[in-house]
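Chain and residue survey
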Amino acid sequence: MIDLRQLRENPDLVRASQRARGEDVDLVDRLLAADERRRSSGSRFDELRAEQKRLGKLIPRAEGDEKAELLARAGTLSADVKTADAERDEATAEADALLLQLSNVVHPAVPVGGEDDYTVRETVGEIRDFAAEGITPRDHMDLGQALGAIDTERAAKVSGSRFAYLRGQGALLELALVNAAIAQATAAGFVPMVTPALVRPRAMEGTGFLGQAAQDVYRLEQDDAYLVGTSEVPLAAYHMDEIIEADQLPLRYAGLSPCYRREAGSYGKDTKGIFRVHQFTKVEMFSFVTPEEAEDELERLLDWEKQWLTSLELPFRVIDVASGDLGASASRKYDCEAWFPAQGRYRELTSTSNCTEFQARRLQVRMREGGRTRPLATLNGTLCAVSRTIVALLEYHQQADGSVHVPQVLRPYLGGRERLEPVAR
């Protein structure tokens, strides 16, 4: 959540942020009104309680008519205190509910607009000229089936659409990607973690995934638990309700988890293959830093993502995501999009977001410095979303004979093999 003090002092900034996101601007004024009711009802409750305590001291010393009058006044005051307490609780609940609906304040440098209004920050690597090589690019499903690596037909029979079996070379490629990504993250100082795939509602809500993204989340009603769509959720909640000493920061974790997404808003998109699936494996970077370090940490996370994609020998571009395409928690977000030759376009492979103090406030993760506690900042960055990365590798590194070149960084985890070879049917 945002800082209520910031909202009171500069409501126009928050209104502009909501407008840039294409979200409800009137929410700001409803929240301000609820906050004022909460504060005024709280002040009235405090005044009445002080009067009640004062009377409590006077009554034992009073006698006769004075005592009777004080007792009568105390009875009336008791009812008033209960009413004020109920009004305060109601106003607080209303303000808290509205505050949870308000997205993070958009960074002023973020381009304003919708999904297609991003700006290209940089382009890295030359796109391979398949035509010059006499190759018509095949899509990843054609290649994956020839390699005996992907089986979506049987997965549909077992689990439904948007599922896949990775088998043989496909399964080995997933394991190689995970191991190589964790190795890079560990070398950069991240603590590797295998995180829970099920979380309680507070963890999901605290990271901002029960707002605009709620339709994409799997919920287990019998257990009142959620399947995570990213290990960002359990990583952000790892230090929930804790105070971290400033000299321990930054804290950086690399989470490995299965990810589950309903893809409810993606009807008709990427229905073939494994680019957009309900279940996939991901290695996620997550950082806890001081708020003053957050913007620099975003650049560092982006650099680690660029290092990863470069090691996979993939050309890509970095985009500054537009305001209307940001998640609720993100103040700013960069996507790295790799070139997919069978589609003839760039598609997202990684993203990194600066969530400033938004998640930390909701999850009560604080830092202590000089005897003072305050919220810290959280950031996240995809290192390897495995399914999409497999799609990119198969399509971009395909050879004329149907084999697939293996980047050097993955070879130690694939027994040294330099190519994935088609299998006999």
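Residues numbered from 1 in each chain as written. Predicted model: local features only at pLDDT ≥ 70, side-chain atom pairs only at ≥ 80, totals over all residues. Heavy atoms only, no water.

Okay, the environment of L4 next. With respect to the secondary-structure elements, L4 resides in helix α1 (residues 4–9). Sequence spacing of L4 and L32 is 28 residues, and the spatial spacing of their C-alpha atoms is 8.8 Å. Filtering out sequence-adjacent residues up to four positions away, L4 remains in contact with L31, D35, R38 and L99. (Helix = DSSP H or I, 4+ residues; strand = E, 2+ residues; numbered from the N terminus. Contact = heavy atoms within 4.5 Å.)

Turning our attention to the sheet that holds strand β7 (residues 225–227). In a beta sheet, neighbouring strands pair by backbone hydrogen bonds and run either parallel or antiparallel. The antiparallel open sheet is built from 3 strands, whose spatial order is β5-β7-β6. Both edges of this open sheet fall to β5 (198–199) and β6 (218–220), since each of them pairs with a single strand only. (Pairing = 2+ DSSP bridges.)

Okay, unusual backbone geometry next. Cis geometry marks the peptide bond from L249 to P250, where omega comes out at 0°. Even without a glycine there, the phi angle at D224 is positive, about 50°. If you trace the backbone, D224 turns up in the loop between β6 and β7. You can call D224 partly exposed: its relative accessible area is 38%. You will see that E313, though not glycine, has its phi angle at about 60°, which is positive. Its location among the elements puts E313 in the loop between α10 (294–311) and β11 (316–320). With relative accessibility at 34%, the residue E313 sits in the partly exposed group. (Buried < 20%, exposed > 50% of the residue type's maximum accessible area, 1.4 Å probe, protein only.)

To continue, consider the pairing of strand β9 (residues 251–260). Sheet faces and side chains relate simply in a regular strand, where the side chains alternate between the two faces. When you tally the buried positions in β9, you get 8 out of 10 residues, the bulk of the element. Judged from the 10 bridges that link them, β9 and strand β10 (residues 279–289) form a sheet pairing that is antiparallel. Its bridge partner lying in β10, C259 is registered against F280.

A few words on the UniProt feature "site: Important for serine binding" (unreviewed entry) in the protein chain. Within the UniProt annotation, "site: Important for serine binding" (unreviewed entry) is assigned to T382. Examined against the element boundaries, T382 turns out to sit in strand β16 (residues 377–385). Setting aside residues up to four positions removed in sequence, T382 forms contacts with K282, V283, E284, M285, E305, L349, T350 and S351. (UniProt positions renumbered as here; feature names shortened; annotations may be inferred.)

The subject of this paragraph is the environment of E418. Take E418: it is sitting in the loop between β17 (404–405) and β18 (419–420). Taking the relative accessible area as the measure of exposure, E418 reaches 51% and is therefore exposed. As a C-alpha pair, E418 and E284 span 134 residues in sequence and 27 Å in three-dimensional space. Setting aside chain neighbours within four positions, we find E418 in contact with V404, H405, V406 and R411.

A few words on the layout of surface pockets. In this structure, the second largest pocket encloses a volume near 370 Å³. Along its surface, the second largest pocket is lined by 20 residues, and Q6, N104, S331, T356 and E357 are the ones closest to its centre. Mapped onto the lining of the second largest pocket, the elements with two or more residues apiece are α10 and α11 (358–363). Taken together, the residues that form the lining of the second largest pocket break down as 10 nonpolar, 6 polar and 4 charged. (1 Å grid on protein atoms, 1.4 Å probe; cavity = no way out; pocket = protein on both sides within 12 Å on 5 of 7 lines; lining within 4 Å. Points joined across faces, edges and corners; volume = space filled by probe spheres on them. Nonpolar A, V, L, I, M, F, W, Y, C, P; charged D, E, K, R; others polar.)

Across its 19 residues, helix α7 (residues 169–187) extends 26 Å between first and last C-alpha, which sits within 8% of the 27 Å expected from 1.5 Å per residue. Taken together, the buried positions of α7 are occupied by Q169, G170, L173, E174, A176, L177, V178, A180, A181, I182, Q184 and A185. Just beyond α7, the residue with positive phi is G189, at close to 100°. (Expected span 1.5 Å × (residues − 1).)

Moving on to the packing of aromatic side chains. For the structure shown, the criterion picks out 7 aromatic pairs. Taking the centre distance of 5.4 Å and the plane angle of 70° together, the rings of Y238 and Y253 count as edge-to-face. On the criterion of sequence distance, the pair formed by Y238 in the loop between α9 (232–236) and β8 (243–245) and Y253 in strand β9 is long-range, its members being 15 residues apart. You can call Y238 partly exposed: its relative accessible area is 44%. On the basis of relative accessible area, Y253 is assigned to the buried category, the value being 8%. On the basis of an interplanar angle of 85° and a centroid distance of 5.6 Å, the ring pair of F275 and F340 is categorised as edge-to-face. (Phe/Tyr/Trp six-rings, centres within 6.5 Å; stacked < 30°, edge-to-face > 60°.)

Among the nonpolar cores identified, the biggest contains 60 residues, and L173, L177, W308, L394 and L410 are the most heavily contacted of them. Residue contacts for L173: discarding those within four places in its chain leaves I390, L393, L394, L410, L414 and L420. V228, L235, A237 and L376 belong to the second largest nonpolar core, which has 23 residues in total. (Core = buried A, V, L, I, M, F, W, Y, C linked by side-chain atoms within 4.5 Å.)

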